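Fold and contact review
Each chain, letter by letter, is given below.
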Amino acid sequence: MTDIASAWSALGGDPALLVRVSAVERPGALRARLPVREAARACVGACALAAAELGARRAGLAAVPAVRVDDGAVATAFAGERHLRVGGRAPVAFAPLSRLWRTADGWVRTHANYPHHRARLLTALGVPDRPEAVAAALAERSARETEEAVHAAGGLAVALRTPEEWAAHAQGAAVGGHPLVERDRLDSARTRVGPRAGRDPLLPAAGLRVLDLTRVLAGPVATRTLALLGADVLRVDAPWLPELPDQHADTGFGKRSARLDLRTGRDTLEELLAAADVVVTGYRPGALDRFGLTAEALAERRPGVVVARLSAWGADGPWGGRRGFDSLVQVATGIAAFEGSARRPGALPVQALDHGTGYLLAAGVLRALTEQMDEGGSRIVRVALARTAGWLLEGAVPASAGADGVSGGPVSEVPADAWLAERDSPLGTLRYALSPVSFAGGPDDWARPPGPWGADPARWE
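Residues numbered from 1 in each chain as written. Predicted model: local features only at pLDDT ≥ 70, side-chain atom pairs only at ≥ 80, totals over all residues. Heavy atoms only, no water.

1. Topic: the overall build of the protein
For the protein, the count of helices and strands is 17 helices and 15 strands. Relative to the globule expectation of 23 Å for 461 residues, the C-alpha radius of gyration of the protein, 21 Å, shows essentially globular dimensions. Taking all 461 residues of the protein together, the buried fraction comes to 59%. Considering only residue pairs separated by 6 or more positions, the protein has 77% of its internal contacts joining residues 24 or more positions apart. With an accessible surface of roughly 17,500 Å², the protein has 51% of that area assigned to carbon and sulfur atoms. Taking the 53 positively charged and 52 negatively charged side chains of the protein as two groups, their mean positions are separated by 2 Å. (Helix = DSSP H or I, 4+ residues; strand = E, 2+ residues; numbered from the N terminus. Rg over C-alpha atoms; globule rule 2.2 N^0.38 Å. Buried < 20%, exposed > 50% of the residue type's maximum accessible area, 1.4 Å probe, protein only. Contact = heavy atoms within 4.5 Å. Areas by Shrake-Rupley, 256 points an atom, 1.4 Å probe, with all protein chains shown as cover. Lys, Arg positive; Asp, Glu negative; His and termini not counted. Charge placed at Lys NZ, Arg CZ, Asp CG, Glu CD.)

2. Comments concerning the environment of glutamate 300
For glutamate 300, the location among the structural elements is in helix H13 (residues 295-301). According to the relative accessible area criterion, glutamate 300 is exposed, its value standing at 66%. Sequence separation between glutamate 300 and serine 378 is 78 residues; the distance between their C-alpha atoms is 9.1 Å.

3. Here we look at the pattern of salt bridges
A full pass over the atoms with the stated rule returns 32 salt bridges. Across the salt bridge formed by aspartate 184 and arginine 382, the nearest N and O atoms sit 3.6 Å from each other. Of this pair, aspartate 184 sits in strand S7 (residues 182-185) while arginine 382 sits in strand S13 (residues 379-384); the two residues are 198 residues apart in sequence, bridging distant segments of the chain. Under the relative-accessibility criterion, aspartate 184 is labelled partly exposed at 38%. With relative accessibility at 25%, the residue arginine 382 sits in the partly exposed group. Between glutamate 461 and arginine 448 there is a salt bridge, with its nearest N and O atoms 3.3 Å apart. Here the residue glutamate 461 occupies a position in the segment after strand S15 (430-433), and arginine 448 occupies one in the segment after S15, the gap between them amounting to 13 residues. (Salt bridge = Lys/Arg side-chain N within 4 Å of Asp/Glu carboxyl O.)

Dropping the structure here:
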């Protein structure tokens, strides 16, 4: 079931608190064959309830504040990158080589938004940087052959699979064997979370420092949510990795942004870790281990820390160490086949795996902080896009569109204006989607707008 009760249960929440949640349902939002609207509402609602619960505990309130989830706000936020305007300019969309392609025996989805991924794709195929050249090369290859060849070259491509084919795949079985949100206690250290005076607005994460080692969408959505709730969030990126400016603007609200080479800046990294209450990582599993960033190493150096991990495919299985993005996970797990037709694969109306998983990760952090107040202990929270995809597919019903018609339509038939805001920033005037995480007495907007990528010093304020 892709409802709030299911998501809240995965987070270990008290079912008695579900009565504090109400929903404004708008059937025209996030139209799809799969229950995207219901799943998106569940992820946001569970996150808002986790925030309200922690806020009540820290402020000494007698009851958890009421949570209200509006499908319109959720749909607007899940399409936030499309609503964003920077100085009146619309954001840059997917790159020309990031798309579905016909192969000799089916379909393959590539991701080449970043220059290094595009270069590796072209190297694997042995073609120049022209869409028609890529199309011609792929038309002569099988989808599975392309998947492995591009992966071997360090690029990103996945073959289209049905839900049944993914379930039979070794990675599908591996990630499907894990809960939607993995939650573990690492030790018996004392909690770092304490009461907080002041309730206007109620900021559950006030006074907490969050080290944000994430990129692209799901991880930054999670840390952007923690920033909304009062956390001091410092995002740190490698200087040599390219960043998409519009994407950074969309997910940079409430944060500061720094660049740091972890290979040469170990002393600076240790200083950041020494004062961090939460460490969030979104790189492929194992990529940061050599810097002493395993959950166990972090707990040993910073007892009481909450470690939050995001991956595309899960932490184990044959694809556990692979890179991945929402669009690729949709194709590999069978979502694109389910949403498509006999003629062409489909897609969800938004990057729902990224957004939904981001809110689940933020909720997992908030619930870990609440549990620490009772039990102590360093904590780890893990989520994966592919596991969220499996949860969404669990709610599948027989397709309502005809065999030759792709379901869906506009992202939302609900006007978005009520959930958009505008403000000045160092990047220019921004139009953006407000957070859908809402509870009585909570914040309405982020305390600060995003700034230029990497413009802040790599230190806590």
